[in-house]
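# Architecture and fold: a report
If you want the building blocks of each chain, they are given just below.
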Amino acid sequence: MSSIKTLLTVTAIVLTIEAVVMEMDIFLELKDSGASEISIIENYLNAYRRQNMKNIEKYDATFDKFAMLYENQLQTIQMQNDLLRDHMQQTEDELDLLELISEMNKLCVSKYRNNIPVISVAVEGITTCITKAKERLTTALATPKQIRDNLQAYYKSTFESNIRNCYKTKNDSALFCITQEVTNSRKFTNSNKHKFDTEMDVALFQANGQVKIASDCAFQIYYNSTTATAGVKSNIRRCLQILGSERNSSSEFALKSEDSTCDNIQAVTANAFDFSTISVPNTLYRSNRTVNCLLLKVV
């Protein structure tokens, strides 16, 4: 928000300088216009009125620039929202493709996919953070805008009414009355500008706070969403590794079983087995041979 602070400082300096040179500008304008003695007072007032309009326009320009800078900072948060949407959509597309590769992939993806936050919900959450910040900008500028409206009302109502009353006085007093009203108007303008600058500083402080609130709000949603997405990807990879390892182990066991051989084959008739006990005939009983295996072949 340093840019907004700089804007307010520059605006205050410009308004102060213009207030000092205002009389010089007015009289130069009158000199160039070749005004007569009769119309010089009215020309002077018209020039002063134009200066008053410029004061109001500068206030409005300050509001516009303030709002634009505030909007630009919120736009940074919107960019994060766009990045989050693209990231989550890319993850969804990757999982769609992964499911098509094999049934094992489909099993792992379907097991964890629902843990990914819904894209529209996450995006809408950050959008809400931004919307609330924009709404609070109106509140932050409420007092400065009221001060601006008070100045405009003074120019249009109080000042003009007092000038009309001056014209009702005698000619000798009219000029003095008008000069006094211009002086009073200038004092009111300076006082109003001081209040305006003070309240714009307050608005700056509030704007800083609202940008931080919106940023923290959006970051929390962004962090939760990306963390959940990363967790889902990690769980799917782990699931595929486990299922792949189990499948490889089963294949390896089956392969070893098919290739295994035993040279010590003993033919045994079926009636040699007593199925009521857990023992079988031991052909190696009292044998001095040492063998690595014994294959009983039922004949």
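Residues numbered from 1 in each chain as written. Predicted model: local features only at pLDDT ≥ 70, side-chain atom pairs only at ≥ 80, totals over all residues. Heavy atoms only, no water.

## Describing the overall build of the protein chain
Selection rule: Helix numbers and strand numbers start at the N terminus; a helix is a DSSP run of H or I with at least 4 residues, a strand a run of E with at least 2. Relative accessibility thresholds used throughout: buried, under 20% of the residue-type maximum; exposed, over 50%; partly exposed, between the two (1.4 Å probe, protein chains only). Contacts are assigned to residue pairs with any non-hydrogen atoms lying within 4.5 Å of each other. Note that accessible areas follow from Shrake-Rupley with a 1.4 Å probe, and for residues the cover is restricted to the protein chains shown.
A count of helical and extended segments in the protein chain gives 6 helices and 2 strands. Split into buried and exposed, the 299 residues of the protein chain put 30% on the buried side. The contacts of the protein chain with a sequence gap of at least 6 include a subset with a gap of at least 24, amounting to 84%. Accessible surface, the protein chain: about 19300 Å² in total, of which carbon and sulfur atoms supply 57%.

## Overview of the environment of Lys 58
Within the fold, Lys 58 resides in helix α2 (residues 40–101). C-alpha separation for the pair Lys 58 and Arg 148, spaced 90 residues apart in sequence, amounts to 10.0 Å.

## Some thoughts on the pattern of salt bridges
To be explicit about the condition: Throughout this description, the term salt bridge denotes a Lys or Arg side-chain nitrogen within 4 Å of a carboxyl oxygen of Asp or Glu.
Following the criterion strictly, the structure yields 12 salt bridges and no others. Two residues, Asp 96 and Arg 113, come together in a salt bridge whose shortest N-O distance is 2.5 Å. Placement of the pair is Asp 96 in helix α2 and Arg 113 in the loop between α3 (103–112) and α4 (119–140), with a sequence separation of 17 residues. By relative accessible area, which is 35% here, Asp 96 ends up partly exposed. Linking Asp 149 and Arg 148 is a salt bridge whose minimum nitrogen-to-oxygen distance equals 3.0 Å. Its relative accessible area of 36% is what places Asp 149 among the partly exposed residues.

## Details of the nonpolar core
For soluble globular proteins, the rule of thumb is that nonpolar side chains tend to be buried together. Definition in use: Only buried Ala, Val, Leu, Ile, Met, Phe, Trp, Tyr and Cys residues count toward a nonpolar core, and they belong to the same one when joined by side-chain atoms within 4.5 Å.
Residues Phe 66 and Ile 236 are the most contacted members of the largest nonpolar core, which totals 48 residues. Tallying contributions element by element places helix α6 (residues 171–259) first for this core, with 14 residues.

## Re the state of the cysteines
Here is the rule: To count as a disulfide, a pair of cysteine sulfur atoms needs to be within 2.5 Å.
Enumeration over the complete set of coordinates arrives at 3 disulfides. Each sulfur of the disulfide joining Cys 129 and Cys 217 lies 1.8 Å from the other. When the S-S torsion is -50°, as for the bridge of Cys 129 with Cys 217, the disulfide is left-handed. Of this pair, Cys 129 sits in helix α4 while Cys 217 sits in helix α6, and the two are 88 residues apart along the sequence. In this structure Cys 129 comes out as buried when scored by relative accessible area, which is 5%. The disulfide that involves Cys 166 links it to Cys 177, with 1.9 Å between the sulfurs. Looking along the S-S bond of the Cys 166-Cys 177 disulfide, the torsion reads about -65°, which is the left-handed sense. Here Cys 166 is found in helix α5 (residues 142–167), whereas its partner Cys 177 is found in helix α6, with 11 residues between them in sequence.

## Side note on the packing of aromatic side chains
What counts, and what does not: In this analysis, rings of Phe, Tyr and Trp, with Trp reduced to its six-membered ring, are considered paired at centre separations within 6.5 Å, and the interplanar angle assigns stacked below 30 degrees, edge-to-face beyond 60, and tilted for intermediate values.
The final tally for this structure, using the stated rule, is 6 aromatic pairs. Centre to centre, the rings of Tyr 48 and Phe 159 are 5.5 Å apart; their planes meet at 45°, and the pair counts as tilted. Of the two residues, Tyr 48 is situated in helix α2 and Phe 159 in helix α5; the sequence distance between them amounts to 111 residues. Accessibility expressed as a relative area gives 1% for Tyr 48, which makes it buried. Residue classification places Phe 159 among the buried positions, given a relative accessible area of 0%.

## Here we look at the confidence of the model for the protein chain
We count it as follows: Scored from 0 to 100, pLDDT reflects the predictor's confidence in each residue.
Residues of the protein chain with pLDDT of at least 70 account for 68%, and the chain-wide mean is 77. The secondary-structure element of the protein chain with the lowest mean pLDDT is helix α1 (residues 2–33), recorded at 45, while α5 shows the highest, at 92. Low pLDDT, under 50, characterises residues 7–35; the stretch is placed with 39 contacts to residues that sit more than four places away or in other chains. Below pLDDT 50 for its whole length, residues 250–260 participates in 0 contacts with residues either more than four positions away or in separate chains.

## Focus: the side chain of Thr 189
When you line up the elements, Thr 189 lands in helix α6. Looking at Thr 189, the relative accessible area reads 12%, which means it is buried. Those residues within four positions of Thr 189 in sequence are excluded, and the remaining contacts are Asn 55, Leu 151 and Tyr 155.

## Considerations on the packing of α2 against α3
Quick note on the threshold: Note on geometry: axes are C-alpha line fits, over the in-contact stretch for helices, and angles between N-to-C directions span 0 to 180 degrees. Note: crossing handedness is left-handed where the near helix turns anticlockwise from the far helix by less than a right angle, and right-handed where it turns clockwise. For this classification, Asp, Glu, Lys and Arg are treated as charged, while Ala, Val, Leu, Ile, Met, Phe, Trp, Tyr, Cys and Pro are nonpolar and the rest, including Gly, are polar.
Running from N to C, α2 and α3 cross one another at 140°; their axes reach a closest spacing of 6 Å. Considering how the two elements wind past one another, α2 and α3 form a crossing that is left-handed. Judged by residue contacts, Leu 95, Leu 98, Glu 99 and Ile 101 of α2 engage Asn 105, Lys 106, Val 109 and Ser 110 from α3. A breakdown of the residues in the contact of α2 with α3 according to their chemical character gives 4 nonpolar, 2 polar and 2 charged.

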